[in-house]
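The residues making up each chain are set out below.
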Amino acid sequence: MSVLVTGAAGFVGSHVSIALKKRGDGVVGIDNFNNYYDPSLKKARKNLLNLQNVYLIEGDINDVHMLAKLFDIVAFTHVMHLAAQAGVRYAMENPKSYVHSNIAGLVTLLEACKNTNPQPAIVWASSSSVYGLNEKVPFSESDRTDQPASLYAATKKAGEEITHTYNHIYGLSITGLRFFTVYGPWGRPDMAYFSFTRNILQGKPITVYRGKNRVDLARDFTYIDDIVKGCVGSLDTAGKSTGSGGKKRGPAMFRIFNLGNTSPVTVPMMVAMLEKHLKVKAKKHVLDMPGNGDVPFTHANISLAQKELGYKPTTNLQTGLGKFVRWYLSYYGYRQEKSVK
Ligand SMILES: NC(=O)c1ccc[n+]([C@@H]2O[C@H](COP(=O)([O-])OP(=O)(O)OC[C@H]3O[C@@H](n4cnc5c(N)ncnc54)[C@H](O)[C@@H]3O)[C@@H](O)[C@H]2O)c1
Ligand SMILES: O=C(O)[C@H]1O[C@H](OP(=O)(O)OP(=O)(O)OC[C@H]2O[C@@H](n3ccc(=O)[nH]c3=O)[C@H](O)[C@@H]2O)[C@H](O)[C@@H](O)[C@@H]1O
């Protein structure tokens, strides 16, 4: 398999790239190293990829000419598309960055894939946030996804519709993966488990949001290694794209899967686990959830991914946070992080 991984200097992208390379696949990565969070962490992930001989191009998925050149040089069989503007609450601060990467960037990439012959099969990251205000639990792929609570969620939902049209018109093989709050070593500094760890170690307070009627918020936190297995399983089972020269020659596969853990944990419970691993008590400020795009809980039904991909998460939050904390302490020690959101 020859795979283009977009967002390869990112959290999930770096893990997936290494896993593919280790089992012998050809991997080329692309990332624009933007400063949504500390780019030095992205550079450090790049160094890890270089050690595994993964070639990483610094570029933007909106760069039509660069993509055309790249597809000309390498006959990719698969594209693992992970580049995006992530983060739910940041969408209120910088809405355009979501349109740039999650809408315009996605279309530019799909155009490049459609114009290539043979066309690669595409696996890409949607998000659990598409379930938005859905209250039916656990969340199944067939549930409503037309009530997004954030612009981020709306762009991921739009991505699901956009990829459908490229499947329908051009015969691109598409697999969309709805990841549920992914965490682990080399993670994202903007996410709660990561920023809480930093603040707890620095003796700073953390803000724990709670929902309506003082109900705790909960997430179906999913460990990175489980997500990687789901991504690799999706690539391995992706059918071929059927188009060529921008024309569809027959029907191609269109799939959407939840990749979660199926055991939600409340945010205060997550904090208690961190306190245990860090051996430090957190200074907690409890605040009502502001109307900033958050949803009160997530919970994945993963039976479809289990059946079709053999997906079976094996790491619980307690164990996974232990691995994260060990990595955090070895990477940062107790020194202060600079310029981290
Ligand atoms: N981590 C999670 O909990 C989670 C949950 C659901 C969905 N997702 C999705 O999974 C994917 C990977 O997320 P992550 O947690 O690794 O985030 P990340 O921010 O660590 O990785 C995304 C990478 O894409 C790069 N990028 C962004 N826009 C780009 C552009 N226009 N051109 C080139 N590169 C660009 C960034 O520099 C970054 O390195 C994203 O699509 C995200 O929306 C993540
Ligand atoms: O599963 C997903 O689709 C999404 O998962 C995460 O989004 P989120 O679950 O909101 O993850 P965090 O930002 O780490 O928040 C986790 C929980 O902690 C809470 N939180 C966050 C920040 C904070 O300061 N305090 C606080 O209590 C949030 O309200 C939420 O309930 C990622 O950030 C998104 O990119 C991704 O798309």
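Within an unreviewed UniProt entry, the label attached to the protein reads UDP-glucuronate 4-epimerase, and the organism entered is Solanum verrucosum. Among the UniProt annotations of the protein, the heading Subunit (unreviewed entry) holds the following wording: "Homodimer."

A. Representation of the overall build of the protein. Counting its secondary structure elements, the protein contains 10 helices and 13 strands. In terms of overall size, the protein behaves like a compact globule, its C-alpha atoms giving a radius of gyration of 19 Å where 341 residues would be expected to give roughly 20 Å. In terms of overall dimensions, the protein has a C-alpha envelope of 60 × 45 × 35 Å along the principal axes. Partitioning the contacts of the protein with sequence separation of at least 6, the portion at a separation of at least 24 is 82%.

B. Representation of the site of ligand 1 within the structure. In the vicinity of ligand 1 lie 30 residues, with V12, D31, Y37, Y152 and V182 positioned nearest. With respect to ligand 1, the backbone of N32 contributes an N or O atom lying 3.1 Å from a nitrogen atom. Note that an oxygen atom of ligand 1 is positioned 2.5 Å from one of the side-chain N or O atoms of Y37. Against a free-state accessible area of 810 Å², the protein chains account for coverage of 98% of ligand 1. Counting residues per element, the ones that place at least two in the shell around ligand 1 are helix 1 (11-22), helix 4 (95-115) and helix 5 (151-170). Its residues assigned to classes, the shell around ligand 1 comprises 15 nonpolar, 10 polar and 5 charged.

C. Up close: empty space enclosed by the protein. This structure, assessed with the given rule, holds 1 cavity of 30 Å³ or more. Lining the largest cavity, in full, are H81, L82, A83, A84, N102, L106, W124, A125, T155 and K156. Elements represented by at least two residues in the lining of the largest cavity include exactly helix 4, strand 5 (121-125) and helix 5. Residues that form the lining of the largest cavity fall into these classes: 6 nonpolar, 3 polar and 1 charged.

D. Inspection of the UniProt feature "domain: NAD-dependent epimerase/dehydratase" (unreviewed entry) in the protein at higher detail. The UniProt record annotates "domain: NAD-dependent epimerase/dehydratase" (unreviewed entry) at residues 3-237. When the span residues 3-237 is considered, its composition is 43% helix and 17% strand, and the gap between its end C-alpha atoms is 14 Å.

E. Seen up close, the site of ligand 2. Close contacts around ligand 2 come from 22 residues, with R89, S127, Y152, T207 and D294 the closest. If ligand 2 stood free it would expose 700 Å²; the protein chains cover 92% of that surface. For the shell around ligand 2, the elements supplying multiple residues, two or more each, are helix 6 (192-201) and strand 8 (205-210). At 3 residues, strand 8 tops the list of elements feeding residues into the shell around ligand 2. Its residues assigned to classes, the shell around ligand 2 comprises 12 nonpolar, 6 polar and 4 charged.

F. Region of interest: the packing of helix 6 against helix 8 (residues 267-278). Close contact between helix 6 and helix 8 brings their axes to 11 Å; oriented N to C, the two are set at 45°. As judged from the angle between their axes, helix 6 and helix 8 are oblique. Crossing geometry of helix 6 relative to helix 8 is assigned as right-handed. Contact residues: helix 6 offers A192, Y193, F196, T197, I200 and L201, while helix 8 offers V267, M270, V271, L274 and L278. Taken together, the residues that form the contact of helix 6 with helix 8 break down as 10 nonpolar, 1 polar and no charged.

G. Here's a closer look at the environment of G211. By the secondary structure assignment, G211 is in the loop between strand 8 and strand 9 (218-219). Separated by 72 residues in the primary sequence, G211 and K283 have C-alpha atoms spaced 20 Å apart.

H. The layout of surface pockets, seen in detail. Within this model, the second largest pocket holds a volume of roughly 320 Å³. Residues belonging to the lining of the second largest pocket are distributed by class as follows: 8 nonpolar, 3 polar and 3 charged.

The rules we used
- Residues numbered from 1 in each chain as written.
- Chains lettered and ligands numbered in written order.
- Predicted model: local features only at pLDDT ≥ 70, side-chain atom pairs only at ≥ 80, totals over all residues.
- Heavy atoms only, no water.
- UniProt positions renumbered as here; feature names shortened; annotations may be inferred.
- Helix = DSSP H or I, 4+ residues; strand = E, 2+ residues; numbered from the N terminus.
- Rg over C-alpha atoms; globule rule 2.2 N^0.38 Å.
- Contact = heavy atoms within 4.5 Å.
- Near = heavy atom within 4 Å.
- Polar contact = N/O pair within 3.5 Å; in protein donor to acceptor, adjacent residues only side chain to side chain.
- Areas by Shrake-Rupley, 256 points an atom, 1.4 Å probe, with all protein chains shown as cover.
- Nonpolar A, V, L, I, M, F, W, Y, C, P; charged D, E, K, R; others polar.
- 1 Å grid on protein atoms, 1.4 Å probe; cavity = no way out; pocket = protein on both sides within 12 Å on 5 of 7 lines; lining within 4 Å.
- Points joined across faces, edges and corners; volume = space filled by probe spheres on them.
- Axes fitted to C-alpha atoms, helices over the stretch in contact; angles between N-to-C directions.
- Parallel < 35°, antiparallel > 145°, perpendicular 65-115°, else oblique.
- Left-handed = near helix turned anticlockwise from the far one by under 90°.

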